[in-house]
Protein chains: 2
Amino acid sequence: MQHIFSTDLTSGLYTDMYQLSMAHSHFNYNRQNEQVVFDYFFRKQPYSGGFTILSGLGELLPLLQEFKFSDRDIDWLHKNGFRSDFLDFLYGFRFKGTVHSMREGEIVFPQEPLVRVQGNIVEAQLAETVLLNYLNFQSLVATKAARIKLVARGAALSEFGLRRAQGLGGMFASRAAFTGGFTSTSNVLAASIYDMPAVGTMAHAYIQSYDDELEAFRSFANVNPEGCVLLVDTYDTLKIGVPNAITVAKEMEQKGHKLMGIRLDSGDLAYLSKQARQMLDAAGLNYVKIVASNQLDEHIIKSLFEQGAPIDIFGVGTNLATGKPDAALDGVYKLSMANGEPRLKLSENIKKTTLPGLKQVYRYSDDKGSFVADAVALESDAVPTTILHPYEPDKSMSLEGYSSEALLQLVMQNGEPTNAPTPVTDVAAYATERLSKLTDEYKRFENPHIYKVGVSKQLLDLRTELRSKYKKESL
Amino acid sequence: MQHIFSTDLTSGLYTDMYQLSMAHSHFNYNRQNEQVVFDYFFRKQPYSGGFTILSGLGELLPLLQEFKFSDRDIDWLHKNGFRSDFLDFLYGFRFKGTVHSMREGEIVFPQEPLVRVQGNIVEAQLAETVLLNYLNFQSLVATKAARIKLVARGAALSEFGLRRAQGLGGMFASRAAFTGGFTSTSNVLAASIYDMPAVGTMAHAYIQSYDDELEAFRSFANVNPEGCVLLVDTYDTLKIGVPNAITVAKEMEQKGHKLMGIRLDSGDLAYLSKQARQMLDAAGLNYVKIVASNQLDEHIIKSLFEQGAPIDIFGVGTNLATGKPDAALDGVYKLSMANGEPRLKLSENIKKTTLPGLKQVYRYSDDKGSFVADAVALESDAVPTTILHPYEPDKSMSLEGYSSEALLQLVMQNGEPTNAPTPVTDVAAYATERLSKLTDEYKRFENPHIYKVGVSKQLLDLRTELRSKYKKESL
């Protein structure tokens, strides 16, 4: 029996079965070289919020470059009904497509293409599942992290979610939290591969393994004088834990060290943090920080500060690492061109009808640098100076006088990344910079303003033309 | 820069930083051989339901046997402040603990120990994060799968969640869904490593890549005459899709093949499935199955059957693979013994005070084989004939006359698994068998009956004694 930890994760089998069934069929008709374009986009902002942060490209692009079908994979497919000539083709298969994408860390909105994959019909389909799997989840978590940062008033933010994360999804959760603005993680393996700070000092079990808390604190501080955080809620936070921490902090001072912090992991964090702060300050320990953890999210952290809680560092676990309450971003990957012709997925629901053709996305900014609107246009269009509402074409907006930038950039050409991978610290910095250009009304939690994403007239006309053509044909 | 797909997942760094900080401290005081016991248990049933299915041991135990610190891991720790003598110790480290566990697939309840880890304080702590990460998530998904199976009236159930799963968490999601009663998955890599059936035929993009739907159906059926399922909602389900599928099914009959099914992936599944069934039957195609997908969960499937929807196969994605709306099982890992002495984690909230000592769990069944109650007892106790309520000790229940079985069994001794790994089909069969012994009132979705988990008098007395001892000491 095989296990996940002994499995080659560059396997082309990390996909949905139908991608292989479809490829099998295309190969049978010698269609494997037909050129197509797919767009990745999502339809609904997570958390009922006003923005999403695109995350995950730093893992996706290298994987697209690497994934392949090993001997083992081919054997399995052979046993499962795939024909030998197709398997010979798959054995030599590598992704040689061309990818345009928004930058990782970009602030993104529903309906606009975030990633555009051009290639033959087989490679473009084989990229679908892994693209969705990598980007949907990391964007979900990065967005949660950014929402938490928005209300954290400069407090340090540490991701503590591995134990409640969705299995190995915890690795991407830690990475994505960092790209969204967290400053460290408890997940050591993620820290080591993505070059992020790892943090964490003691659990309740450490204290319980000693006969008393003071002895446990003392022993720990002795071995870990730097960055030492003492967990003060094992027995009684204010009667025992904080006084013991103060005792140890004073002993550390005598040895020339400074206690970094105390951690509250249960109870009323607003009340306990205020009391603990007073006790620490009264003991001359105003440099000792207060760390809070336990079922936190953006709403609780906002509320804690509104109550005046003097918390310096937050450890956020489950709600961040699983993107609760949303669990998934609804990103999809839809065909927009085939054999040089624009294509459309019709739907009874006009909002689910896709945008055809080879497209670019432009972002407009005012003279203060704030984002005003995005335009989805055909790549052959000039940069639009007017955008139309995608579903109510009598609504339009002039973009005269605003500066514009093209958001979809070439990131992979014929299967080769065009740039070196971006370190996660740079992704995080970019997300922060871009989010600062989105005004507050788009960032509030309750009924945020809806950022305008319009389409060019040419694109709307193309969609209208194709819709009527398909409808006629299908009668 | 490293990537997840090139990372050794047996790395000991797949843990929370504080496990290593604590181990560092214990090593410093030469406490690394002190013997401890930890219990894994959870506090709250997911989905407001009446049961949970334990899942994930088939991946956890081999990982405990394999995890280690490589040269790379040691280098990283060295650069991050760990002392050389401790790193020498870690370099040779292997988990040599002893583990008792309930069987994978067992029906389990809050507060009872599901897994018991005995070992030295370092190995027992280093097992914590990965144990929680593996078991919490797989149990969450297996439970969701079992809930769906309960209302599926024998329909085949396929897991389709990879594209919306939480990154590589999708691998465990597919495995866990199968252990909970699903019969196949779209995730080919999971199917190949866990030996599960993989299914999937075509996406909308396949149909769009042809000039018309009929041509697309015909081409696909020609290459895939066995197990062919045609997706009928690309243009208009009842006006175009189903008639085209009927045409192709009739053509297949002439070649001696049978169309397996049609798939509905949008719209009103109750209405569409009834209409499609009538159309298929009227064409003499009563053997063609109806497959439904699109945002399904246990509540929607229950409702579809209540409306008389003639659906034969369900494809369930996001809600299953992410355990929505819960996102995480709240399982914890708590110290219950240290150096041969029972230990307790006190809490202001008595329900969060842990159960001390080396424990066993007994399950009682009536003469029909139905489960009656579970007892948590000290291993040194005789099998209890009376259990007490863990927080209201004036409430008791007699178990005289019921048969009992001990649920915690030795699964790993001194770091070696005691049995060969259990195939996922056997885990699934065990879960089904055990769930059949839980009567319906525990399995309903609304306000399920709460299954009784009591404690032995000796265990309750021990907890009371330790609580008063700790409280006295802490004054």
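Residues numbered from 1 in each chain as written. Chains lettered and ligands numbered in written order. Predicted model: local features only at pLDDT ≥ 70, side-chain atom pairs only at ≥ 80, totals over all residues. Heavy atoms only, no water.

To continue, consider the interface of chain B and chain A. Taken residue by residue, the interface counts 112 residues in chain B and 112 residues in chain A. In total, chain B and chain A occlude about 9,600 Å² of area from one another, counting both sides; carbon and sulfur atoms represent 59% of this. Three residues stand out in chain B for area buried against chain A, namely Phe5(B), Arg163(B) and Gln166(B), and they jointly supply 9% of the buried area on that side. Between chain B and chain A we count six salt bridges in total. Arg163(A) is the salt-bridge partner of Asp16(B), the closest N and O atoms lying 3.0 Å from each other. With ten residues, helix α1 (residues 17-28) of chain B is the single largest residue contributor to the side of chain B that touches chain A. (Contact = heavy atoms within 4.5 Å. Buried area = accessible area lost by both parts, 1.4 Å probe. Salt bridge = Lys/Arg side-chain N within 4 Å of Asp/Glu carboxyl O. Helix = DSSP H or I, 4+ residues; strand = E, 2+ residues; numbered from the N terminus.)

Two packed helices can be described by the angle between their axes and the distance between those axes. All names here are of chain A. Running from N to C, helix α7 (residues 169-179) and helix α15 (residues 424-435) point in directions that differ by 45 degrees, and their axes come no closer than 7 Å. Between α7 and α15, the angle is such that the two are oblique. Contacts from Arg175, Phe178 and Thr179 in α7 reach Val424, Thr425, Val427, Ala428 and Ala431 in α15. Of the residues in the contact of α7 with α15, the class split is five nonpolar, two polar and one charged. (Axes fitted to C-alpha atoms, helices over the stretch in contact; angles between N-to-C directions. Parallel < 35°, antiparallel > 145°, perpendicular 65-115°, else oblique. Nonpolar A, V, L, I, M, F, W, Y, C, P; charged D, E, K, R; others polar.)

Let's shift gears to the UniProt feature "domain: Nicotinate/nicotinamide phosphoribosyltransferase" (unreviewed entry) in chain A. What UniProt calls "domain: Nicotinate/nicotinamide phosphoribosyltransferase" (unreviewed entry) maps, in this numbering, to residues 157-354 of chain A. Here residues 157-354 of chain A runs as 40% helix and 15% strand, with 38 Å between its end C-alpha atoms. (UniProt positions renumbered as here; feature names shortened; annotations may be inferred.)

Right, let's get into the packing of aromatic side chains. All names here are of chain B. Following the criterion strictly, the structure yields 26 aromatic pairs over all chains and no others. For the pair Phe109 and Tyr451, a centre-to-centre distance of 3.9 Å together with 15 degrees between the ring planes defines the contact as stacked. Of this pair, Phe109 sits in the loop between β4 (107-108) and β5 (115-120) while Tyr451 sits in the loop between α16 (440-443) and β21 (452-455), and the two are 342 residues apart along the sequence. We note that Phe109, like Tyr451, is buried. A cation over an aromatic ring shows up here: Arg175 above the ring of Tyr194, its NZ or CZ 5.5 Å from the ring centre. (Phe/Tyr/Trp six-rings, centres within 6.5 Å; stacked < 30°, edge-to-face > 60°. Buried < 20%, exposed > 50% of the residue type's maximum accessible area, 1.4 Å probe, protein only. Lys NZ or Arg CZ within 6 Å of the ring centre and 35° of its normal.)

Here we come to the relation of the copies chain B and chain A. Note on the copies: chain B fits chain A at an RMSD of 0.0 Å, the axial shift is 0.0 Å, and the rotation between them is 180 degrees. Expressed as an axis order, the relation between the two copies is that of a two-fold axis. For chain B, the minimum C-alpha distance to the rotation axis belongs to Gly169(B) and amounts to 2.1 Å. The residues that chain B uses at the interface reappear at the interface of chain A in 100% of cases, marking a shared surface. (Least-squares fit on C-alpha atoms with pLDDT ≥ 70 in both.)

What follows is about helix α13 (residues 298-306) of chain A. All names here are of chain A. All buried positions along α13 are accounted for by Glu298, Ile301, Leu304 and Phe305. For α13, the angular spread of the buried residues around the axis is 125 degrees, confining them to a single face. Against the buried residues of α13 lie α6 (128-151), α12 (269-282) and β11 (313-316). For α13, the N-terminal capping position is held by Asp297, with its side-chain oxygen 2.9 Å away from the main-chain nitrogen of His299. In the stretch just after α13, Gly308 is the one whose phi turns positive, near 80 degrees. (Arc of directions from axis to C-beta. Polar contact = N/O pair within 3.5 Å; in protein donor to acceptor, adjacent residues only side chain to side chain.)

The subject of this paragraph is unusual backbone geometry. Residue and element names in this part refer to chain A. The linkage connecting Lys324 with the following residue, Pro325, adopts the cis geometry, with an omega of 5 degrees. The phi torsion at Asn30 lies on the positive side, around 55 degrees, for a residue other than glycine. Relative to the helices and strands, Asn30 resides in the loop between α1 (17-28) and β1 (35-41). With relative accessibility at 60%, the residue Asn30 sits in the exposed group.

What follows is about the pattern of salt bridges. Under the definition given, this model contains 52 salt bridges over all chains. When the shortest N-O distance is used, the salt bridge between Glu128(A) and Arg163(B) registers 3.0 Å. Highlighted residues: Glu128(A) in helix α6 and Arg163(B) in the loop between β6 (156-159) and α7 (169-179), drawn from two different chains. By the burial criterion, Glu128(A) is buried, and Arg163(B) matches it. Between Glu405(A) and Arg434(A) there is a salt bridge; the shortest N-O distance is 3.0 Å. Of the two residues, Glu405(A) is situated in strand β18 (residues 403-406) and Arg434(A) in helix α15; the sequence distance between them amounts to 29 residues. Residue classification places Glu405(A) among the partly exposed positions, given a relative accessible area of 28%.

Before going further, it helps to examine the sheet that holds strand β19 (residues 409-413) of chain A. All names here are of chain A. The antiparallel open sheet is built from seven strands, whose spatial order is β13-β12-β1-β5-β3-β19-β20. Looking at the sheet topology across the chains shown, the edges are occupied by β13 (341-342) and β20 (416-417). The sheet contact formed by strand β12 (residues 332-338) and β13 spans two bridges and is antiparallel. Residue Met337 lies in a different strand from β13, and its bridge partner there is Pro342. (Pairing = 2+ DSSP bridges.)

For the rest of this paragraph, the subject is the nonpolar core. Within the largest apolar cluster, 316 residues are counted, with the highest numbers of intra-cluster contacts made by Phe314(A) and Phe314(B). Each of domain 1 (4-139 + 327-355 + 409-451) and domain 2 (142-321) of chain A gives at least three residues to this core. With residues near it in sequence (within four places) discarded, Phe314(B) still touches Ala155(B), Ala156(B), Leu157(B), Ser158(B), Ala292(B), Leu296(B), Ile301(B), Leu304(B) and Phe305(B). Formed by nine residues, the second largest nonpolar core is a distinct cluster that contains Tyr362(B), Tyr364(B), Val372(B) and Leu399(B). (Core = buried A, V, L, I, M, F, W, Y, C linked by side-chain atoms within 4.5 Å. Domains from an automatic or database assignment.)

Looking now at the UniProt feature "domain: Nicotinate phosphoribosyltransferase C-terminal" (unreviewed entry) in chain A. Here, the residues flagged by UniProt with the feature "domain: Nicotinate phosphoribosyltransferase C-terminal" (unreviewed entry) are residues 359-462 of chain A. Strand forms 35% of residues 359-462 of chain A and helix 21%; the C-alpha atoms that close the span are 12 Å apart.

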